[in-house]
Amino acid sequence: MNNTDLRDLTKTQLTDFLHSLSLPPERAPQIFSQLQRPGLHNIEQLELKKDLRKRLGAHAGLSRLRIKEIEISADGTRKYILRLADGLLIESVLIPGRGRHTLCLSSQAGCAMGCKFCLTAGLGFKRNLRPAEIVGQVLAVMEDMLRNKMRNGRLRELINNLVFMGMGEPLANYDHLLTALHILMDQQGLEFTRRRITVSTCGLTPALQRLPNAVKVNLAISLHAADNDLRNQLMPVNRRYPLDDLLAACRAYPLPRKGVILFAYLMLKGINDQPAAARALAEKLTGIPCRINLLPFNESRELPYKRPGGETINEFRTILQQAGYTTMIRDSRGGDISAACGQLALREAKARA
Ligand code: SF4
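Residues numbered from 1 in each chain as written. Predicted model: local features only at pLDDT ≥ 70, side-chain atom pairs only at ≥ 80, totals over all residues. Heavy atoms only, no water.

Q: Whenever I open this one, the packing of helix 6 (residues 174–185) against helix 7 (residues 205–214) confuses me. Can you help?
A: Any two packed helices are characterised by the angle at which their axes cross and by the distance between the axes. With their axes 12 Å apart at the nearest point, helix 6 and helix 7 run at an angle of 25° to one another. With respect to their mutual orientation, helix 6 and helix 7 come out roughly parallel. Crossing handedness for the pair helix 6 and helix 7: right-handed. Only Ala207, Arg210, Leu211 and Ala214 of helix 7 make contact with helix 6, whose side of the interface consists of Tyr174, Leu178 and His182. Looking at the contact of helix 6 with helix 7 residue by residue, the class counts come to five nonpolar, one polar and one charged. (Axes fitted to C-alpha atoms, helices over the stretch in contact; angles between N-to-C directions. Helix = DSSP H or I, 4+ residues; strand = E, 2+ residues; numbered from the N terminus. Parallel < 35°, antiparallel > 145°, perpendicular 65-115°, else oblique. Left-handed = near helix turned anticlockwise from the far one by under 90°. Contact = heavy atoms within 4.5 Å. Nonpolar A, V, L, I, M, F, W, Y, C, P; charged D, E, K, R; others polar.)

Q: Before we go on, may I ask you to explain helix 2 (residues 28–35) in this structure?
A: Every α-helix winds through 3.6 residues per turn, so residues three or four apart in the chain are directed the same way. For helix 2, every residue scored as buried is listed here: Ala28, Ile31, Phe32, Gln34 and Leu35. Down the axis, helix 2 shows its buried residues gathered within 165° of arc, on one side only. Next to the buried residues of helix 2 lie helix 1 (11–20), helix 3 (50–57), helix 5 (131–147) and helix 6. (Buried < 20%, exposed > 50% of the residue type's maximum accessible area, 1.4 Å probe, protein only. Arc of directions from axis to C-beta.)

Q: Looking at this structure, I do not really get the domain arrangement of the protein. What am I missing?
A: In many analyses, interface size is given as the accessible surface area lost on bringing the parts together. Domain annotation for the protein reports domain 1 (4–61) and domain 2 (66–352). A C-alpha centroid distance of 32 Å is found between domain 1 and domain 2. With 16 residues of domain 1 at the interface, the matching set in domain 2 holds 16 residues. Among the residues domain 1 hides against domain 2, the three largest losses belong to Asp8, Gln36 and Pro38. Together they make up 43% of the total. In this structure, the connection of domain 1 to domain 2 is made through three salt bridges. For lysine 11, the salt bridge goes to aspartate 186, with nearest N and O atoms at 3.0 Å. The tally of links between domain 1 and domain 2 comes to seven residue pairs in polar contact (both at pLDDT 80 or more). Elements with a contribution of two residues or more to the side of domain 1 that touches domain 2: helix 1 and helix 2. Ranked by residue count, the leading element in the side of domain 1 that touches domain 2 is helix 2, at four residues. Among the residues making up the side of domain 1 that touches domain 2, the classes are represented as five nonpolar, six polar and five charged. (Domains from an automatic or database assignment. Buried area = accessible area lost by both parts, 1.4 Å probe. Salt bridge = Lys/Arg side-chain N within 4 Å of Asp/Glu carboxyl O. Polar contact = N/O pair within 3.5 Å; in protein donor to acceptor, adjacent residues only side chain to side chain.)

Q: Before we go on, may I ask you to explain the site of the ligand in this structure?
A: The environment of the ligand is made up of Cys111, Met113, Gly114, Cys115, Phe117, Cys118, Thr120, Ala121 and Gly168. A class-by-class count of the residues in the shell around the ligand yields six nonpolar, three polar and no charged. (Near = heavy atom within 4 Å.)

Have a look at this one:
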């Protein structure tokens, strides 16, 4: 699309854009609100006077993500493979829970972070997603949910939570992420509140420090190791932004009353699953209001890691609980459809190759 994509714009940016075209800027809230509706695919569908639509259409367009494929897991998890305008594929995963639906979003096509346990890392980095492509995932999934009559109620209640835990490192696409968050949180749009959005990072500390000044959202950290040597091996980002600096930034992260930071800890057999590792983790997180999610590794042919046994995982959890941490074991949903990050896109890329 050569013209401006209206879905890339926050309401304020849309107001400025209309102004720059000598179109009535006071129409911005009305147009913005319509842009956040699933099923609206072109400017012709906007409820506006014909001449205004025509003048707008001469300078702007609307992008849309196409669903290439949906894989539905036995547990109801729906994995969407979405095609971007340039043909790249990304994925979003809709996870139903007791009366609540969580949507896991991608922020980049591929990823440059190179985490050793992650299949997306094997794809390499393709490009950052534009705000319209981040918001577009929500709209494409909502459209599918409406088509399949998956939920009743208001549009804003279709999806309860958004988590940025799909392909890519959200904070490496900082500016577009912020714009997308402002669009998603706008009261004249889909109105996701702070409570309902979680941004997860592998540890880009400077961006993490800037984030709360720009937008208030929940924070999750992919930790996976409690010492620098092991984290350096598993997550190359740690060589640039070491663990203690990352945890210092977490300590300074402003939280709402009773708010916590979520730490995700992928459990890899014989690598980071020993009782001593649990004790080191408990020690490292001292003073951070947090919750810990233990994620037993989902084995795959492409990666050398193994999943620890149940007893090992339980022992690890008990040590953390005895140290006072709320700790959950979270088995990844949709295991039968490769819903762990990047698995399907990798398979696709391989098939194409
Ligand atoms: S785990 Fe996340 S940050 Fe690390 S390579 Fe995979 S997608 Fe990127």
